[in-house]
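For reference, the chains in residue letters:
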Amino acid sequence: MSNIQAHPSNYAIAATKTQSSLFLPVHSGSMEYAPLNQSADEIRILTILPTSSRNDIQTTISHTPSSASDYEALSYCWGAPGFTKTISVNNHTVQVTANLFAALRQFSLDGTHVKLWVDALCINQADVEERSRQVLRMRDIYANAKQVVVWLGEEGECTNEGMRLLEVLGTVGSDVYEAERKVAYAGVGNGKSNHYQAAWTGLRELFDRPYWLRMWIIQEVVVAEKIKLQCGSRSVDWDQLRWAITRFSIMGAEARYSVFPRGDRRLLTVFQLIQHRQRRIDGQGITMLEALGLSTTSLSTDARDKIYALLGLATDGRSLVPVPDYNASFEIIIEKFMRSLILDIEDNNLLFLRAASSKRSLSLPSWIPDLVDVNWYFRETSLTNRWYNAGGAGTPVMKFPENNSVFEIRGQVFDTADGLATMAIDQPGQVVQSSRTINAYGSISKMRDAIWRSLFCNIQKARTLDPLPSKWGYCFSTLWSNGSPVTPSWLLPQQADTISSWLKQNHIFTIAGQSLSFWAEGSSEVRKQNFLSRMLGSKDSKSVNEGDKDFFRELAENVSSKRLIITARGYIGMVHPWTEKGNVIAVIPGFKMTVVLRPYGDMWKLVGEAYVHGIMDGEALENIDQRQMTDFLLC
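Residues numbered from 1 in each chain as written. Predicted model: local features only at pLDDT ≥ 70, side-chain atom pairs only at ≥ 80, totals over all residues. Heavy atoms only, no water.

Draft legend 1. Focus on the overall build of the chain. When helices and strands are tallied, the chain shows 23 helices and 24 strands. Looking at the chain as a whole, 57% of its 635 residues qualify as buried. Pairs at least 24 residues apart make up 72% of the contacts formed inside the chain by residues separated by at least 6 positions. If you sum the accessible surface of the chain, you get close to 26,300 Å²; carbon and sulfur atoms cover 49% of it. (Helix = DSSP H or I, 4+ residues; strand = E, 2+ residues; numbered from the N terminus. Buried < 20%, exposed > 50% of the residue type's maximum accessible area, 1.4 Å probe, protein only. Contact = heavy atoms within 4.5 Å. Areas by Shrake-Rupley, 256 points an atom, 1.4 Å probe, with all protein chains shown as cover.)

Draft legend 2. Quick look at the pattern of salt bridges. Counted under the stated rule, the structure contains 19 salt bridges. Note that Arg44 and Glu130 form a salt bridge whose closest N and O atoms lie 2.7 Å from each other. Taken as a pair, Arg44 in strand β4 (residues 42-48) and Glu130 in helix α3 (residues 128-135) lie far apart in primary sequence, 86 residues in all. A cluster of three or more residues bridged by salt bridges with shared partners is formed by Asp119, Arg214 and Glu220. (Salt bridge = Lys/Arg side-chain N within 4 Å of Asp/Glu carboxyl O.)

Draft legend 3. Spotlight on the environment of Asp305. With respect to the element layout, Asp305 can be found in helix α13 (residues 305-308). Each C-alpha atom of the pair Asp305 and Tyr326 lies 9.4 Å from the other, and the pair is 21 residues apart in sequence. Setting aside residues up to four positions removed in sequence, Asp305 forms contacts with Met215, Trp216, Ser300 and Tyr326.

Draft legend 4. Fine view of the nonpolar core. By size, the foremost hydrophobic cluster in this structure holds 112 residues, and its most contacted members are Trp117, Trp212 and Phe337. By residue number, the principal contributor to this core is helix α15 (residues 330-345), which donates seven residues. Not counting residues within four places of it along the chain, the set of residues in contact with Trp117 comprises Ile43, Arg44, Ile45, Tyr71, Glu72, Ala73, Leu74, Cys122, Ile123, Met138, Ile141 and Tyr142. Ranked by size, the runner-up nonpolar core spans 61 residues in total, among them Ala421, Ile459, Phe509 and Phe552. (Core = buried A, V, L, I, M, F, W, Y, C linked by side-chain atoms within 4.5 Å.)

Draft legend 5. Geometry of the pairing of strand β20 (residues 572-575). Burial along β20 is two-sided: the face carrying Ile572 and Met574 and the face carrying Gly573 and Val575 are both buried. One ladder, built from four bridges, connects strand β19 (residues 563-567) with β20; its direction is antiparallel. Each bridged residue has a counterpart across the sheet, and for Ile565 the counterpart in β20 is Gly573. Counting the residues that bridge the hairpin from β19 to β20 gives four residues, and of these Gly570 lies at a positive phi of roughly 90°. The pairing of β20 with strand β23 (residues 603-612) spans three bridges and is antiparallel. Bridged to Met574 within β23 is Tyr611. (Pairing = 2+ DSSP bridges.)

Draft legend 6. Quick look at helix α1 (residues 98-110). With 13 residues, α1 should cover 18 Å at 1.5 Å per step; its first-to-last C-alpha distance of 18 Å lies within 8% of that length. Taken across its 13 residues, α1 has 10 buried, putting it largely inside the fold. Along α1, the positions that sit buried rather than exposed are Asn99, Leu100, Phe101, Ala102, Ala103, Leu104, Arg105, Gln106, Phe107 and Ser108. Two residues or fewer after α1 comes Gly111, characterised by a positive phi angle close to 75°. (Expected span 1.5 Å × (residues − 1).)

Draft legend 7. Seen up close, unusual backbone geometry. Even without being a glycine, Asp41 presents a positive backbone phi close to 55°. Among the secondary structure elements, Asp41 is positioned in the loop between β3 (32-33) and β4. Here the phi dihedral of Ala512 falls at roughly 50°; this positive angle occurs in a residue that is not glycine. Here Ala512 shows up in the loop between β17 (510-511) and β18 (514-515).

Draft legend 8. Representation of the packing of aromatic side chains within the structure. Within this structure, the stated rule accounts for 18 aromatic pairs. For the ring pair Tyr76 and Trp78, a centre distance of 6.3 Å and an interplane angle of 35° mean the geometry is tilted. Given the relative accessible area of 10%, Trp78 is considered buried. With 5.2 Å between their ring centres and 55° between their planes, Trp367 and Phe400 make a pair best called tilted. On the criterion of sequence distance, the pair formed by Trp367 in the loop between α16 (351-355) and α17 (376-380) and Phe400 in the loop between β13 (398-399) and β14 (407-420) is long-range, its members being 33 residues apart. Ring pairs connect the aromatic residues Phe456, Trp472, Phe551 and Phe552, which therefore count as one cluster. (Phe/Tyr/Trp six-rings, centres within 6.5 Å; stacked < 30°, edge-to-face > 60°.)

Draft legend 9. Spatial organisation of the confidence of the model for the chain. Considering every residue of the chain, the mean pLDDT works out to 79; 77% of them sit at 70 or more. When mean pLDDT is taken per element in the chain, strand β10 (residues 147-151) scores highest with 97 and strand β1 (residues 4-5) scores lowest with 34. (pLDDT = per-residue confidence, 0-100.)

Draft legend 10. Highlighting the side chain of Arg280. As for its position among the elements, Arg280 is in helix α11 (residues 265-281). Only 3.3 Å separates the side chain of Arg280 from the side chain of Glu225, close enough to count as a polar contact. Setting aside residues no more than four positions away along its own chain, Arg280 makes contact with Val222, Val223, Ala224 and Glu225. (Polar contact = N/O pair within 3.5 Å; in protein donor to acceptor, adjacent residues only side chain to side chain.)

Set out below in structure tokens:
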């Protein structure tokens with residue numbers, strides 16, 4: 001008996017306002033699914049029938065116990081919804097996206113991957129209840145498959161060379177130069193003087209495919225026992241990819257930048273997948289919070305899948321969300337989820353997930369992260385993972401009042417934002433000046449020290465959160481000379497442009513009555529001149545100490561994600577980019593960071609985290625008791 005029957009209607013999954021049309025999963029056809037036998041733990045399996053035609057794809061769908069391991073699971077990107085192709089399923093015509101059609105056609109012609117689990121066809125996408133049930137089974141489906149096939153799409157201009165490069169890099173030793181020699185002799189490229197340029201171009205094309213942005217691939221890849229990557233007719237196994245990426249990562253930043261001009265960010269997702277997959281193999285669990293961090297670059301057609309796609313992967317996923325509900329709105333789901341996460345994990349820094357995102361969501365309370373818009377750059381440069389103790393040893397007093405979206409937390413108002421520099425990525429003219437000349441640190445030298453330390457939040461990120469080296473103070477005092485920014489010639493162009501842009505926009509920013517250029521130019525001591533000669537005179541970055549390089553790398557990163565601030569009481573710090581003049585700097589007992597709050601009627605909006613130099617070790621709450629504190633209602 002056929003598991004699919006004729007049905008007169010078509011159906012499609014509709015996108016919400018936050019969804020990207022590039023990933024809209026349209027699946028329409030004249031058919032009806034027979035229900036799965038839940039007591040028998042059934043799943044559907046697609047079987048591809050042999051064919052000699054490139055455009056005639058014949059398949060069947062049957063039911064089988066999920067414990068059966070004689071199938072493969074397809075991991076792929078749905079593709080653009082407006083371009084569909086026709087296949088036959090149990091003698092019924094079904095429309096599928098062009099990317100899925102290309103995969104099935106390739107497998108059909110190759111005679112490979114005959115028995116597949118494919119989400120678009122093996123789940124009744126029109127049945128909301130079935131979709132909700134299947135979400136909790138996805139981990140087992142991919143874990144039980146004998147192999148997960150990662151389909152990157154049809155071959156492009158240079159992708160065959162890119163796949164060949166992955167093979168070579170995945171089998172040579174750790175010497176990158178050896179890899180390049182083997183690439184040349186392996187016939188990768190066009191045989192001319194730039195014989196392997198096409199291979200590196202192809203590698204970039206492979207990592208630029210939309211597949212790597214898909215939310216569901218995180219779980220599909222991490223839990224799989226065996227993985228094969230395929231692009232067109234070429235394929236490599238996961239271990240080859242893993243070794244290739246590992247060896248590529250040991251190349252210097254300059255070499256990586258030559259291959260990926262927009263930076264290493266597109267490699268981050270692949271590298272994180274490799275790390276978390278290895279953790280799973282080694283028997284280490286992944287928490288929901290860790291999984292959320294892993295998914296910051298990922299996109300989902302349905303906003304609710306920013307949570308649901310991670311439930312089977314995270315060790316605490318089912319305790320936080322026992323049953324997925326596709327009938328509930330994203331706003332309801334995320335609020336319930338965040339309440340559970342905050343109360344279960346008892347990690348107050350979860351509040352900054354919302355504040356660290358790159359966009360505001362007016363439909364959500366300010367204390368809830370909009371997981372659809374969490375941006376990798378802001379999340380990665382957030383202050384919340386760094387080791388501070390602004391709230392001292394106290395315990396946070398916080399609660400959720402009944403039947404509303406308000407979060408109540410007790411703290412102390414410390415200061416207000418008075419002057420704000422711009423970020424490097426802002427438009428000129430966004431500087432907010434302070435008219436005050438107060439210096440909370442007492443002297444020029446101490447204020448200069450507070451400024452340059454605040455630019456890094458007093459932590460050297462690249463050196464596992466080590467204290468800042470004192471010579472970075474000299475680095476800071478070389479940034480401005482004779483009315484212009486000064487950056488070393490060996491800096492990557494992107495970093496040099498970022499620092500120069502930030503200095504040009506903010507050189508007039510006033511701190512304690514003096515411009516930023518005054519503080520950045522510093523003195524003309526002999527040792528400063530020697531430092532300038534050594535740092536700026538070198539044409540070759542290899543001759544420069546890595547710690548000195550970190551100063552410029554981290555400065556470029558920080559001024560692109562946070563704003564330098566002067567408070568009404570004359571303190572210096574770095575704050576979330578949404579901070580405005582007059583916003584309150586509050587200290588919460590037990591919180592690592594200080595927080596920025598904005599008045600909203602008789603309640604408050606959470607703006608984000610703040611580093612304020614001089615009060616990050618509990619100083620602000622000394623001799624303060626609970627009766628002197630304010631109960632902030634965050635809405």
